[in-house]
Amino acid sequence: MMEAVSLSATIAQKLEEEIMDGTRSLGERLDERELADHFNASRTPVREALQRLSAIGLVQINGRHGTHVVRLTLGQLLDAFRVVSELEAIAAEQAASRITDEQIAALWRHQQGCADAYEAENVDAFCIANDKLHGAIMEASGNWMLKEQARVARVLSPYRRHITYQPGRMGASIDEHAAFIRAIAAGDGDTAARQMRDHVNALANGLSDFLYFLNRTGRSEIIA
């Protein structure tokens, strides 16, 4: 039994990574047989893995219509960004009063990773460093319930990645990162929360440019 649980968890993690990095397209149908072959497993742990991802909103299981990678509407995206901006603002505020010197140093290392990726024009590396930065702030908040709720925010990761591709977004993010890291390091929770909220909302504001890009390139399938 433990082996089956472990296998389904491993498949769920790998499939989540494929959704996050764009290997699996938004709205793509997920066939259990194909996934079983892909992960060299039986269909039972694959089915359990899909249930795990459904619980955090990354896939949608819809009976005879099959299972698909979740594709959010514009309205759903805006609602999600609103919630995530508040979650991350709370994390930044609490991190300001609880963070250690070692954790502050880690934030700056992740920020440097973002800067290096920006210089190299490597969006994938930027997204990885960016996820580590935001995750480290959530960890530094020390708020177990907040960290649990923030798992749901993973549903936005593919969209954040697409928005990051838009001209000027990486450079702007680096400046915004530096501002809220300084506020956290200074113990200024109110400023850290405000700057984090503005940072996440700036991504939501970038949706208009994102939609223009989709229309121009004919990739309107990404958002319903």
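A short tour of the structure in this document, coming up. (Residues numbered from 1 in each chain as written. Predicted model: local features only at pLDDT ≥ 70, side-chain atom pairs only at ≥ 80, totals over all residues. Heavy atoms only, no water.)

Moving on: the overall build of the protein chain. Looking only at helices and strands, the protein chain has 11 helices and three strands in total. Put simply, the protein chain has 224 residues, and 46% of those count as buried. Sequence-distant contacts, at least 24 apart, represent 74% of the contacts inside the protein chain between residues at least 6 apart. (Helix = DSSP H or I, 4+ residues; strand = E, 2+ residues; numbered from the N terminus. Buried < 20%, exposed > 50% of the residue type's maximum accessible area, 1.4 Å probe, protein only. Contact = heavy atoms within 4.5 Å.)

Turning our eyes to something else, we now look at the packing of helix H5 (residues 101–119) against helix H6 (residues 123–141). Direction vectors running N to C along H5 and H6 enclose 165°, while the axes themselves pass 8 Å from each other. Considering their axes alone, H5 and H6 lie roughly antiparallel with respect to each other. Note that H5 runs across H6; the crossing there is left-handed. On H6, the residues touching Gln103, Leu107, His110, Gln111, Gly113, Cys114 and Ala117 of H5 are Ala125, Phe126, Ala129, Asn130, Lys132, Leu133, Ala136, Ile137 and Ala140. A breakdown of the residues in the contact of H5 with H6 according to their chemical character gives 10 nonpolar, five polar and one charged. (Axes fitted to C-alpha atoms, helices over the stretch in contact; angles between N-to-C directions. Parallel < 35°, antiparallel > 145°, perpendicular 65-115°, else oblique. Left-handed = near helix turned anticlockwise from the far one by under 90°. Nonpolar A, V, L, I, M, F, W, Y, C, P; charged D, E, K, R; others polar.)

Attention now moves to the sheet that holds strand E3 (residues 67–69). If you trace the three strands from one edge of the open sheet to the other, you get E1-E3-E2, paired in antiparallel fashion. Both edges of this open sheet fall to strand E1 (29–30) and strand E2 (59–61), since each of them pairs with a single strand only. Where E2 lies against E3, three bridges are found, and the strand directions are antiparallel. Residue pairing in the sheet places Ile61 in a bridge with Thr67 of E3. (Pairing = 2+ DSSP bridges.)

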